[in-house]
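Reading the structure
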Amino acid sequence: MACCHADFAALEGSDRGFTIGMPTFTFGAGVLAEAGDNAAELGLRRVALFTDRNLVDGAHVAKVRASLQGAGVNCVVYDEVAIEPTDRSLQDAARFARDANVDGYVSVGGGSVIDTCKAANLYATQPAEFMTYVNAPIGAGQRVPGPVKPHIACPTTSGTGSETTGISIFTLTSLNAKTGIISRRLIPTVALVDPDVTRTLPANVVAATGFDCMSHALESITARLYPRRLNPAQGVRRPVSQGANPFSDALAVSALQSVGQYLVRAVDDPSDAEARTEMMYAAMLAGIAFNAAGCHLPHGLSYAVSGLVKDRHIEGYPAAKPLIPHGMAVVLNNPSVWRHTAPAHPTRHLRCAHSLGASIVGATPDDAGEVLATRIIELMQATRMPNGLAALGLNETHVDALAEGAEPQYRVIKNAPIDVGAAELRTLFKSAMRYW
Ligand SMILES: NC(=O)c1ccc[n+]([C@@H]2O[C@H](COP(=O)([O-])OP(=O)(O)OC[C@H]3O[C@@H](n4cnc5c(N)ncnc54)[C@H](O)[C@@H]3O)[C@@H](O)[C@H]2O)c1
Ligand SMILES: [Fe+2]
């Protein structure tokens, strides 16, 4: 890899391998109708179908249920998934899964649904006290000791890429902090990625999830390079998220090109099938990329923002639960982060900016952070995102609380290309208050 991927030249004692996990995926309009055949092929006779209250009576779930029925696969439905799950909502789902006596799982929904299904499958199949598998140091971070049951994931949003990842994210209520469970065993067995589902997506969900996808790709490319990663375990113990690698790079660049070209069109026009299809594909690619490379600062910082701001209702999201959508919290920190991290690897930041559609003619390494930040701000303005953290009601008096809120995220933050401590976190939040 050293000849054409000089970035990844091995260091003394560094791991020379990287491992890519992903499901068998099928992409294309109408493929939800293949759920039944896939379940039958996996030998499933009775499945638990996970979805949320908003989707349970809609066309996407109906299509999957009809397909399962047509293939003679029995199905019990769980629709009590919490949008932005919590430890409590995951444990409720796991209890349902344990009692349901099924031989496999189908999820139809966004990241909240797919993540809940992964956790329910895990705790029903490999029972343990809840914190056992949760990421250390918040949880015990124990390895999942054996396989979980087959899971067919059918995403209905175009952003998280959860259908491809071994990650389940939730808010730990007692800490008011987001954390997760990560294991290759949580990667769904099959992903059915059907862009037809995006026709019913509200504009704000397309925008927020599109920025989640963008940030997954940007963070994959700019993460600490895999030979320099901090967790040196190798072989089957190699971590799921290993840092930037050539495979993630290729997928992430392709995802960024689609975001740059199609995100604004996809937000503005639900009938623009080309744009919405491209965003669905980009989300899947970026999911595979960041699962292997890992996220870092924008995600780590976003969790402090969503933990602190609890009084907003964003149109397109459930009215009963005020929240800052995940992708929105992520993008609000993006320009600030890239201005700070670009000196660590200017060429990678310039490649990101170029992939998103920015002109880099004449740009020097010193310009890298600004060129990337400027392009992202253009996209934020074009999709009517809030103008920085101040637009969510935050100001300089919240900076200490935000920096403290990001502390549980050091595991993610350490995947950044430069070292960041409490002082830098405060600077990053201050610089994210207002962008235009
Ligand atoms: N596991 C991972 O790899 C991963 C990656 C990124 C984010 N996440 C997590 O995913 C969650 C966010 O998921 P999300 O952004 O996909 O949104 P979501 O699942 O929270 O759903 C957001 C809203 O969109 C609605 N919706 C979903 N699909 C729809 C459709 N086709 N038509 C109309 N409405 C639809 C939902 O009912 C809900 O009201 C967060 O908890 C985040 O932390 C997980
Ligand atoms: Fe994300």
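Notes on the structure follow. (Residues numbered from 1 in each chain as written. Chains lettered and ligands numbered in written order. Predicted model: local features only at pLDDT ≥ 70, side-chain atom pairs only at ≥ 80, totals over all residues. Heavy atoms only, no water.)

Attention shifts here to the overall build of the chain. Per the secondary structure count, the chain includes 15 helices and 8 strands. The globule rule puts the C-alpha radius of gyration for 436 residues at 22 Å, and the 20 Å found for the chain is close to it. Overall, the C-alpha framework of the chain stretches about 60 × 50 × 45 Å when taken along its three principal axes. A buried classification covers 58% of the 436 residues belonging to the chain. (Helix = DSSP H or I, 4+ residues; strand = E, 2+ residues; numbered from the N terminus. Rg over C-alpha atoms; globule rule 2.2 N^0.38 Å. Buried < 20%, exposed > 50% of the residue type's maximum accessible area, 1.4 Å probe, protein only.)

Below, the discussion takes up the packing of aromatic side chains. Counted by the stated rule, this structure contains 10 aromatic pairs. Note on Tyr78 and Phe96: the rings are 4.7 Å apart at their centroids and 40 degrees apart in plane angle, and the pair reads as tilted. A residue pair is termed long-range when its members are at least 10 positions apart, and Tyr78 in strand β3 (residues 74–78) and Phe96 in helix α3 (residues 87–100) qualify at 18 residues. Owing to a relative accessible area of 6%, Tyr78 belongs among the buried residues under this scheme. Looking at Phe96, the relative accessible area reads 23%, which means it is partly exposed. Joined through ring pairs, the aromatic side chains of Phe50, Tyr78, Phe96 and Tyr105 make up one cluster. (Phe/Tyr/Trp six-rings, centres within 6.5 Å; stacked < 30°, edge-to-face > 60°.)

What follows deals with the site of ligand 1. Near ligand 1 there are 32 residues, and of these Ser112, Thr156, Thr157, Thr165 and Thr200 occur at the shortest range. Between a nitrogen atom of ligand 1 and a side-chain N or O atom of Thr156, the distance comes to 2.7 Å. At 3.3 Å, a side-chain N or O of Ser162 approaches a nitrogen atom of ligand 1. About the coverage of ligand 1: the protein hides 96% of its 880 Å² of free accessible area. Taken together, the residues that form the shell around ligand 1 break down as 12 nonpolar, 14 polar and 6 charged. (Near = heavy atom within 4 Å. Polar contact = N/O pair within 3.5 Å; in protein donor to acceptor, adjacent residues only side chain to side chain. Areas by Shrake-Rupley, 256 points an atom, 1.4 Å probe, with all protein chains shown as cover. Nonpolar A, V, L, I, M, F, W, Y, C, P; charged D, E, K, R; others polar.)

Moving on, we come to the environment of Ala140. Structurally, Ala140 can be placed in the loop between α4 (111–125) and β5 (151–155). For Ala140, a relative accessible area of 49% corresponds to the partly exposed category. Ignoring any residue separated from it by four or fewer positions in sequence, one finds Ala140 in contact with Met131, Thr132 and Val134. (Contact = heavy atoms within 4.5 Å.)

The buried count for strand β6 (residues 167–172) comes to 5 of 6 residues, which makes it a mostly enclosed element. Across 6 bridges, β6 lies against strand β7 (residues 177–182) in antiparallel orientation. The residue bridging Thr171 from the neighbouring strand is Lys178, located in β7. Adjacent in sequence and paired antiparallel, β6 and β7 are bridged by 4 residues, among which Asn176 carries a positive phi angle near 50 degrees. (Pairing = 2+ DSSP bridges.)

A few words now on the packing of α3 against α4. Two elements in contact, α3 and α4, have axes whose closest approach is 8 Å; the angle formed by their N-to-C orientations is 55 degrees. It follows that α3 is oblique to α4 by the angle criterion. α3 and α4 meet at a crossing whose hand is right-handed. Of the residues in α4, those in contact with Leu90, Ala93, Ala94, Ala97 and Arg98 of α3 are Asp115, Thr116, Ala119, Ala120, Tyr123 and Ala124. Considering only residue class, the contact of α3 with α4 consists of 8 nonpolar, 1 polar and 2 charged. (Axes fitted to C-alpha atoms, helices over the stretch in contact; angles between N-to-C directions. Parallel < 35°, antiparallel > 145°, perpendicular 65-115°, else oblique. Left-handed = near helix turned anticlockwise from the far one by under 90°.)

Across the interface, helix α5 (residues 203–222) lies against helix α12 (residues 368–382) with an axial gap of 12 Å and an inter-helix angle of 165 degrees. As judged from the angle between their axes, α5 and α12 are roughly antiparallel. For the pair α5 and α12, the sense of crossing is right-handed. Mapping the contact onto sequence places Phe211, Met214 and Leu218 in α5 and Leu372, Ile376, Leu379 and Met380 in α12. Tallied by class, the residues present in the contact of α5 with α12 amount to 7 nonpolar, no polar and no charged.

The sheet built from 6 strands is open, its strands ordered β1-β8-β5-β4-β2-β3 with parallel pairing. Either end of the sheet is taken by a strand with one partner, and the two such strands are β1 (24–27) and β3. Each neighbouring strand pair of the sheet contributes to a mean axis angle of 20 degrees, computed without reference to strand direction. With 5 bridges connecting them, strand β4 (residues 104–109) and β5 associate as parallel partners. Its bridge partner lying in β5, Val106 is registered against Ile152. The strands that α3 touches are β2 (46–50), β3 and β4; relative to β3, the one it contacts most, it runs at about 155 degrees.

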